Amino acid sequence: MNISLSASANAFARAALFAGVSVVAFGSVSASADDIGIVVYNAQHESLGVAWAEAFTKETGIKVTLRKGKDMEFANQIVQEGAASPADVFLTENSPAMSLVDGAGLFEPIAAETLAQVPENFRPSNGHWVGVAARSTVFVYDKAKLNAETLPKSMLDLADPEWKGRWGASPSGADFQAIVSALLALKGEEVTASWLKAMKENATPYKGNSAAMKGANAGEVEGALIYHYYYFGDQAKTGENSGNVAQHYFKNQDPGAFVSISGGGVLASSQHKEDAQKFLAWVTGKGGQAILREGTSFEYAVGEGEASHSSLTPLSELDYPKVDPATLNSAKVTELMTAAGLL
């Protein structure tokens, strides 16, 4: 089997190949159609995608080829490919990329049995795709500089002049843009545009959530708006980029308590729809959700009745706002963030 691999994929691929799983770079072709099984455009964390694919193949015998890339680059590629897309399944970290593909009419409806495995608030109302994991928005803060009395009560407070130069974020990333998408859905365009304009004045930009957390940990800023799992992932390793910070959950159904849904969808153009549906049924079922609970991705499990990793604050305690992921509008968010000078 001829497989094109980037250097970063080698470690995962060596193990995965023995289980019938291939990992290939974004946009590359790995093998003949007879060899690759279902093709998954994987914008999820590479290690999580490989763990899911490897365990699924071991249990079912269905081969999986993972093509690695990012949420929006894959979403735009799928739209361009249309009915000619070689992908069978699309996995993302955040919902807006799923909404973009769905808006182009390129998803096959998810099997009812699979939808039933995931609560309604973790999947779009139209049933065209399904949640596979989740992550919570948090404000990581320097414990030496902030405490319960001085923390922002709402994400919207970060627009106040008193927060100028005191907080950071990664505006160019899909994670942050998903948070802005939720703000837009919850509060409307006027509030979102105003908040983004203030963010341009107040926030220090970083390239990536890890860098933003590291900036707070090093005292460059007092806090940073990121997703929760960056903190837990660093704590599980050396803790060198998170030892000086703690996490603040806004709760109270605040926009800053937004829980972003990682999505999975079957492409309408798939030539292997039955196997593609089986893959998402497995990921959202006990096998796939156990990998979230027992692994080190530190993302939330979203399966009905499935517990998440024991280190995490339970989703039931986060008091997050309910947002239909089908309503998240990545195109409008890009427009608003560009107008604010953040992109």
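Parameters at a glance
- Residues numbered from 1 in each chain as written.
- Predicted model: local features only at pLDDT ≥ 70, side-chain atom pairs only at ≥ 80, totals over all residues.
- Heavy atoms only, no water.
- Helix = DSSP H or I, 4+ residues; strand = E, 2+ residues; numbered from the N terminus.
- Rg over C-alpha atoms; globule rule 2.2 N^0.38 Å.
- Buried < 20%, exposed > 50% of the residue type's maximum accessible area, 1.4 Å probe, protein only.
- Contact = heavy atoms within 4.5 Å.
- Areas by Shrake-Rupley, 256 points an atom, 1.4 Å probe, with all protein chains shown as cover.
- Lys, Arg positive; Asp, Glu negative; His and termini not counted.
- Charge placed at Lys NZ, Arg CZ, Asp CG, Glu CD.
- Phe/Tyr/Trp six-rings, centres within 6.5 Å; stacked < 30°, edge-to-face > 60°.
- Lys NZ or Arg CZ within 6 Å of the ring centre and 35° of its normal.
- Pairing = 2+ DSSP bridges.
- Polar contact = N/O pair within 3.5 Å; in protein donor to acceptor, adjacent residues only side chain to side chain.
- pLDDT = per-residue confidence, 0-100.
- Salt bridge = Lys/Arg side-chain N within 4 Å of Asp/Glu carboxyl O.
- Axes fitted to C-alpha atoms, helices over the stretch in contact; angles between N-to-C directions.
- Parallel < 35°, antiparallel > 145°, perpendicular 65-115°, else oblique.
- Nonpolar A, V, L, I, M, F, W, Y, C, P; charged D, E, K, R; others polar.

A. Structural context of the overall build of the chain. Helix and strand content of the chain: 13 helices and 11 strands. By the compact-globule yardstick of 20 Å for 343 residues, the chain fits well, its C-alpha radius of gyration being 20 Å. Expressed as lengths along the three principal axes of its C-alpha atoms, the size of the chain is roughly 60 × 40 × 35 Å. Here the chain holds 343 residues, and the buried ones make up 55% of them. For the chain, the share of sequence-separated contacts (at least 6 apart) that also reach a separation of at least 24 residues comes to 76%. For the chain, the accessible area works out to roughly 13,900 Å², and carbon and sulfur atoms hold 50% of it. Where the 26 positive side-chain charges of the chain centre and where its 38 negative ones centre are 4 Å apart.

B. The arrangement of the packing of aromatic side chains in detail. What the rule picks out here adds up to 13 aromatic pairs. Pairing F139 with W163 gives two aromatic rings, centres 6.0 Å apart and planes at 90°, and the pair type is edge-to-face. Here F139, found in strand β6 (residues 130-142), pairs with W163, found in the loop between β6 and β7 (167-169); they are 24 residues apart in sequence, far enough to count as distant. Taken as a pair, F139 and W163 share a single burial class, namely buried. Members of the aromatic cluster, each reached through a chain of ring pairs, are Y41, F74 and F90. Above the face of the W163 ring, R166 is positioned so that its terminal group lies 3.9 Å from the ring centre. Taking NZ or CZ as reference, K322 lies 4.5 Å from the ring centre of Y320, over its face.

C. Structural detail: the pairing of strand β3 (residues 64-68). Within β3, 4 of the 5 residues are buried, which leaves the element mostly enclosed by the surrounding structure. Of the strand pairs in this sheet, strand β2 (residues 38-42) and β3 are connected by 5 bridges, and their pairing is parallel. The partner of Y41 across the bridge, within β3, is R67.

D. Highlighting the side chain of S170. Note that S170 resides in the loop between β7 and α7 (174-187). In this structure the side chain of S170 is engaged in a polar contact, spanning 3.2 Å, whose partner is the backbone oxygen of Y206. Side-chain polar atoms of S170 contact the backbone nitrogen of G208, separated by 2.8 Å. Leave out the neighbours within four places in its chain, and S170 touches F176, Y206, K207, G208 and N209.

E. Quick look at helix α9 (residues 209-217). Along α9, the residues classified as buried are N209, A212, M213, G215, A216 and N217. Against β6, β7, α7, β9 (223-227), α10 (229-236) and β10 (245-248) lie the buried residues of α9. One or two steps after α9, the chain reaches G219, where phi turns positive at roughly 85°.

F. Spatial organisation of the confidence of the model for the chain. On average, residues of the chain score 91 in pLDDT, and 90% of them reach the 70 mark or higher. Confidence drops under pLDDT 50 across residues 1-19; counting only partners more than four residues distant or on other chains, this segment forms 35 contacts.

G. Representation of the pattern of salt bridges in the model. Across all of its chains, the model carries 11 salt bridges by this definition. Linking R135 and D175 is a salt bridge whose minimum nitrogen-to-oxygen distance equals 3.6 Å. Here D175 lies in helix α7 and R135 lies in strand β6, a separation of 40 residues in the sequence. Taken individually, R135 and D175 each receive the classification buried, so the pair is uniform in this respect. Of the charged contacts in the structure, one is a salt bridge between E306 and R293, with a shortest N-O distance of 3.2 Å. In this pair, E306 is assigned in the loop between α12 (286-294) and α13 (330-339) and R293 in helix α12, connecting sequence segments 13 residues apart. Its relative accessible area of 17% is what places E306 among the buried residues. Judged by relative accessible area, which is 26%, R293 ranks as partly exposed. If you follow the salt bridges from partner to partner, you end up with E93, R135, D175 and E299 in one network.

H. Structural view of the environment of W163. For W163, a relative accessible area of 3% corresponds to the buried category. Placed 35 residues apart in sequence, W163 and A198 show a C-alpha to C-alpha distance of 9.7 Å. Here W163 is in contact with F139, L146, T150, L151, P152, D157, L158 and N202, once residues within four sequence places are set aside.

I. Layout of the packing of α7 against helix α8 (residues 189-202). The contact between α7 and α8 brings their axes to 7 Å, and the two run at 140°. Looking at the two axes, α7 sits oblique to α8. Residue-level contacts link F176, V180, L183, L184 and K187 of α7 to E189, V191, T192, W195, L196 and M199 of α8. Considering only residue class, the contact of α7 with α8 consists of 8 nonpolar, 1 polar and 2 charged.

J. Summary view of α12. Listing the buried residues of α12 in full gives G288, Q289, A290 and L292. Contact partners of the buried residues in α12: α3 (46-60), β6 and α11 (273-284).

K. Region of interest: unusual backbone geometry. Within the chain, K251 stands out as a residue other than glycine whose phi angle is a positive 55°. Structurally, K251 can be placed in the loop between β10 and β11 (259-267). Of note, the phi angle at D319 is positive, near 45°, even though the residue is not glycine. Along the chain, D319 falls in the loop between α12 and α13.

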